[in-house]
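Read off the chains here:
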Amino acid sequence: MTNKILALVDGSAHSRSVCLHAAWIAQRLGPSVELLHVLGRREGGAGGDLSGALQLGARTALLEQLAELDAQRAKLAQAKGRAILDDAQAILAEGAVTEVTPRLRQGDLIEAVSELEPTLRALVIGRRGEAAGFAAGHLGSNLERIIRSSKVPVFVATADYRPISRVLVAYDGGDSARTAIRRMAESAVFEGLEITLACSGSGGGDCQRKLDEAQAVLAAGGLQASTAIVSGEPDVALQKKIEAESFDLLVMGAYGHSRIRSLIIGSTTTAMLQSASIPVLLYR
């Protein structure tokens, strides 16, 4: 099994929490951490040439100034990226993680993550990015793309970090939920944590049967878990349970349906990411 944790940092308010959660995972698993900051295609190089917007007849001196401005912006963007990575590495050091590889890339974030994914055990990303400060109720622009494309578990960090001791698992018996349970049973991350399996339903026998099956899989892996059935829409019911019982982490399967279907009928994954007040660990 690969043994690296990838932390995506962009200098937003979530970046410190991303690093601290990556350090928490690394301490429990023992892997190294890779830090990734991706510059956009335009900000990372002089490809975004403003001089192309000029009409014929513009002075040569102005063209030269604009070209120089492009080059300066590219240098500043790269310097900012390196500073973000330096700060992130210092935060990981606070968490006693010393085996760190910083990476500064230019281009598309998804492409950069895909290149590294074969070496990864998991990745950590903030719920909202640097450009999302105006939209507190929305997810980061790259978050859904990352979750849908990633083949490794995705840890979605909230802005604030706190130690994790109580875990709530949203379980519906679907393929991705069963994958989550199997991976949990195999992972040292969950050793010693208090785990509760929750199913949203009317309290019928089918819901309890699913929970009992998941509980047995965890028990076979040495993890003890309690079970609970909650009533109502999953995102609302589970958030109430999170708040009432002070859970620190929500675990669930990710995107059981196609993106087109999700656009039509909505997505439980998206709803949970938007409503949950704690970090969410997603398995595909």
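Quick summary incoming for the structure in this document. All of these numbers come straight from a predicted model, not from anything done at the bench.

**Some thoughts on the state of the cysteines**
- Tallying each qualifying case throughout the model produces 1 disulfide.
- In this model, Cys-199 is linked to Cys-207 through a disulfide, with the two sulfur atoms separated by 2.1 Å. On the sign convention where negative means left-handed, the S-S torsion of about -135° between Cys-199 and Cys-207 marks this disulfide as left-handed.

**Some points on the sheet that holds strand β6 (residues 166-170)**
- Strand order in the open sheet formed by 10 strands is β3-β2-β1-β4-β5-β10-β9-β6-β7-β8, and the pairing between neighbours is mixed. The sheet is open, and its two borders are formed by β3 (100-106) and β8 (225-230), each paired with just one other strand. Neighbour-to-neighbour, the strand axes of the sheet open up by a mean angle of 25°, direction not taken into account.
- Helix-sheet contacts for helix α2 (residues 60-94) involve β2 (32-39) and β3, and the interaxial angle to β2 is about 160°.
- Packed on one face of the sheet, helix α7 (residues 234-245) meets β6, β7 (194-200), β8 and β9 (249-253) and runs near 165° to β6.

**Description of the packing of α7 against helix α9 (residues 268-275)**
- Running from N to C, α7 and α9 point in directions that differ by 35°, and their axes come no closer than 9 Å. In this structure, α7 meets α9 at a crossing whose hand is right-handed. For the pair α7 and α9, the contacting residues are Pro-234, Asp-235, Leu-238 and Gln-239 in the first and Thr-268, Ala-271, Met-272 and Ser-275 in the second.
- For the contact of α7 with α9, the per-class residue count stands at 4 nonpolar, 3 polar and 1 charged.

**Notes on the pattern of salt bridges**
- Taken as a whole and judged by the stated rule, the model has 14 salt bridges.
- Note that Arg-209 and Asp-206 form a salt bridge whose closest N and O atoms lie 2.5 Å from each other. Of this pair, Arg-209 and Asp-206 both sit in helix α6 (residues 205-220), 3 residues apart, roughly one helical turn.
- One salt-bridge network, in which partners are shared between bridges, spans Asp-206, Arg-209, Lys-210 and Glu-213.

Definitions and cut-offs
- Residues numbered from 1 in each chain as written.
- Predicted model: local features only at pLDDT ≥ 70, side-chain atom pairs only at ≥ 80, totals over all residues.
- Heavy atoms only, no water.
- Disulfide = S-S within 2.5 Å.
- Pairing = 2+ DSSP bridges.
- Helix = DSSP H or I, 4+ residues; strand = E, 2+ residues; numbered from the N terminus.
- Axes fitted to C-alpha atoms, helices over the stretch in contact; angles between N-to-C directions.
- Contact = heavy atoms within 4.5 Å.
- Left-handed = near helix turned anticlockwise from the far one by under 90°.
- Nonpolar A, V, L, I, M, F, W, Y, C, P; charged D, E, K, R; others polar.
- Salt bridge = Lys/Arg side-chain N within 4 Å of Asp/Glu carboxyl O.

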